[in-house]
Amino acid sequence: LVVEAGAQRALPTSGVVVEQLLARYIASRATAWAPGAAEATRRRVDHHITPPLGAIAIERLRPVDVEHWHATLRTAGVSEASIGRVHDVLRAALNWAERLELIGRNPATKVDRPRGAKPAISPPAAADIVRMITEASVPLAVFLRLAALTGARRGQLCGLHWSDVDLDGATIRWTRSLAKVPGGVVEKETKTGARWQVALDHATVELLRTHRRTCAEAALAAGVALSGDAYLFARDPAGRLPWHPDGASQRFALLRDRLGLDGVRLHDLRHWMATEGLGHGGDIETVAARGGWANTTTPLEIYSHFQPARDTELARKLAQRLDDKAASDGG
């Protein structure tokens, strides 16, 4: 106590308990978060943090309490990854309290963050993707082809406007995403906050032209115009009501189940783009840029073991350089 007082870290009792701190922290930060993030955080807090820790005064919370909390969640069957996420929430709230001088130190920083095992990546076979696209309705076929070839997340695809697509230039510019919120969806920035452009192949451009003609004809039949701001994947003829991200997943699941492709997820099409790109000559910078990763670290960590074909080809080329040199010197 004397040492802390000398260092001006002895603080008066705030009277704030963990539950109150978390509520104040979320209210303070919510405006800077993505739509829906505050509500999702509140649910995690109410379910995993408040019951065991909520009544403890923030000054009395100790690292041992955080360790015991982790153990309690494990006993309840909560996964390591989920414990890690709620640990992040508690640590961030306590960091906030420390900056506001409500506490002298953050006990959560003294405890290791639980980390779940990395999920196994099992992208579908190209033949299965082709089969799904062939059997899908035209809008869903376009959706699936774009998901596989661009690696776009479902929220990006659901938030795609025709004004984002340059059919003559054969490009798409990703600028936004759709996020779920209570009662519907809202547009937000992409997951990384970045904006980027990807190239399209000729066959995909022609499929998009067909889809646009179909959308325009449906709008005309309904007596409305299809504007440039219309959504590519919409629930109304005018293109003003986009597919809900969950609705896109449900459409995919119905098709997948009908074709007997158990275990394939919509997000696996993103994995397919990355693994195929890295396994067949694409450099990590190009694959990362196409998928919208903020840097090359994440895809390199996740997909590096899908590069045996490139390593084999590199081994062949290196050996060929040596052998060609030896042959020329010997001649």
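Residues numbered from 1 in each chain as written. Predicted model: local features only at pLDDT ≥ 70, side-chain atom pairs only at ≥ 80, totals over all residues. Heavy atoms only, no water.

Draft legend 1. Structural view of the pattern of salt bridges. Counting across every chain of the model gives 14 salt bridges. Of the charged contacts, one joins Asp88 and Arg91 as a salt bridge, the two residues approaching to 3.1 Å between their closest N and O atoms. With Asp88 and Arg91 both in helix H5 (residues 80–99), this residue pair falls 3 residues apart, about one helical turn. One salt bridge in this structure joins Asp88 and Arg113, with 2.8 Å as the shortest N-O distance. Of the two residues, Asp88 sits in helix H5 while Arg113 sits in the loop between H5 and helix H6 (126–135), which places them 25 residues apart along the sequence. (Salt bridge = Lys/Arg side-chain N within 4 Å of Asp/Glu carboxyl O. Helix = DSSP H or I, 4+ residues; strand = E, 2+ residues; numbered from the N terminus.)

Draft legend 2. Quick look at the sheet that holds strand E5 (residues 196–199). In spatial order, the strands read E1-E2-E5; together these 3 strands make up an open sheet with antiparallel pairing. If you trace the sheet from one side to the other, it starts and ends with strand E1 (165–166) and E5, each paired once. The pairing of E1 with strand E2 (residues 171–174) spans 2 bridges and is antiparallel. Looking across to E2, one finds that Asp166 is bridged to Thr171. (Pairing = 2+ DSSP bridges.)

Draft legend 3. Region of the structure containing the packing of H6 against helix H7 (residues 138–150). Running from amino to carboxyl end, H6 crosses H7 at an angle of 155 degrees, the nearest separation of the two axes being 8 Å. Considering the angle they form, H6 stands roughly antiparallel to H7. Note on packing geometry: the crossing formed by H6 with H7 is left-handed. Together, Ile129, Met132 and Ile133 of H6 and Ala141, Leu144, Arg145 and Ala148 of H7 make up the contact between the two elements. A class-by-class count of the residues in the contact of H6 with H7 yields 6 nonpolar, no polar and 1 charged. (Axes fitted to C-alpha atoms, helices over the stretch in contact; angles between N-to-C directions. Parallel < 35°, antiparallel > 145°, perpendicular 65-115°, else oblique. Left-handed = near helix turned anticlockwise from the far one by under 90°. Contact = heavy atoms within 4.5 Å. Nonpolar A, V, L, I, M, F, W, Y, C, P; charged D, E, K, R; others polar.)

Draft legend 4. Here's a closer look at the packing of aromatic side chains. In this structure the tally under the stated criterion is 5 aromatic pairs. Considering the side-chain rings of Phe143 and Phe233, the 5.1 Å spacing of their centres and the 75 degrees angle between planes classify their relative orientation as edge-to-face. Here Phe143 is found in helix H7, whereas its partner Phe233 is found in the loop between helix H9 (202–221) and helix H10 (245–258), with 90 residues between them in sequence. When its relative accessible area of 1% is taken as the criterion, Phe233 is described as buried. One aromatic cluster is present, formed by Tyr25, Trp33 and Trp96 through successive ring pairs. Residue placement shows Arg212 over the ring face of Trp162; its charged tip is 5.2 Å from the ring centre. A cation sits over an aromatic face here: Arg270 above Trp293, 4.1 Å from the ring centre. (Phe/Tyr/Trp six-rings, centres within 6.5 Å; stacked < 30°, edge-to-face > 60°. Buried < 20%, exposed > 50% of the residue type's maximum accessible area, 1.4 Å probe, protein only. Lys NZ or Arg CZ within 6 Å of the ring centre and 35° of its normal.)

Draft legend 5. A look at helix H11 (residues 268–279). Helix length check: H11, at 12 residues, gives a terminal C-alpha distance of 16 Å against a target of 16 Å (1.5 Å per residue), a fit within 8%. In terms of burial, H11 is a largely internal element, 10 of the 12 residues being buried. (Expected span 1.5 Å × (residues − 1).)

Draft legend 6. Structural context of the pairing of E5. Alternating residues of E5 divide into Trp196 and Val198, all buried, and Gln197 and Ala199, none buried. Across 4 bridges, the pairing between E2 and E5 is antiparallel. When the sheet's bridge partners are listed, Trp174 is paired in E5 with Trp196.

Draft legend 7. Representation of the environment of Pro114. Structurally, Pro114 is set in the loop between H5 and H6. Pro114 gets classed as buried once you look at its relative accessible area, which sits at 5%. Sequence separation between Pro114 and Val86 is 28 residues, and the spatial gap between their C-alpha atoms is 9.8 Å. If sequence neighbours within four positions are ignored, Pro114 has contacts with His70, Arg74, Glu80, Ile83, Gly84 and His87.

Draft legend 8. Layout of the nonpolar core. Counting 45 residues, the largest nonpolar core has Met132, Phe143, Leu144, Leu146 and Leu208 as the members making the most contacts within it. When contributions to this core are tallied by element, the ones reaching two or more residues are H6, H7, helix H8 (154–158), E2, E5, H9, H10 and H11. Counting residues per element, this core draws most heavily on H7, which supplies 8 residues. With sequence-adjacent residues up to four places away left out, Met132 is seen in contact with Leu144, Phe252, Leu255, Leu259, Leu261, Val264 and Leu269. If you look at the next biggest cluster of nonpolar residues, it comprises 27 residues, including Ala38, Ile49, Ala93 and Ala97. (Core = buried A, V, L, I, M, F, W, Y, C linked by side-chain atoms within 4.5 Å.)

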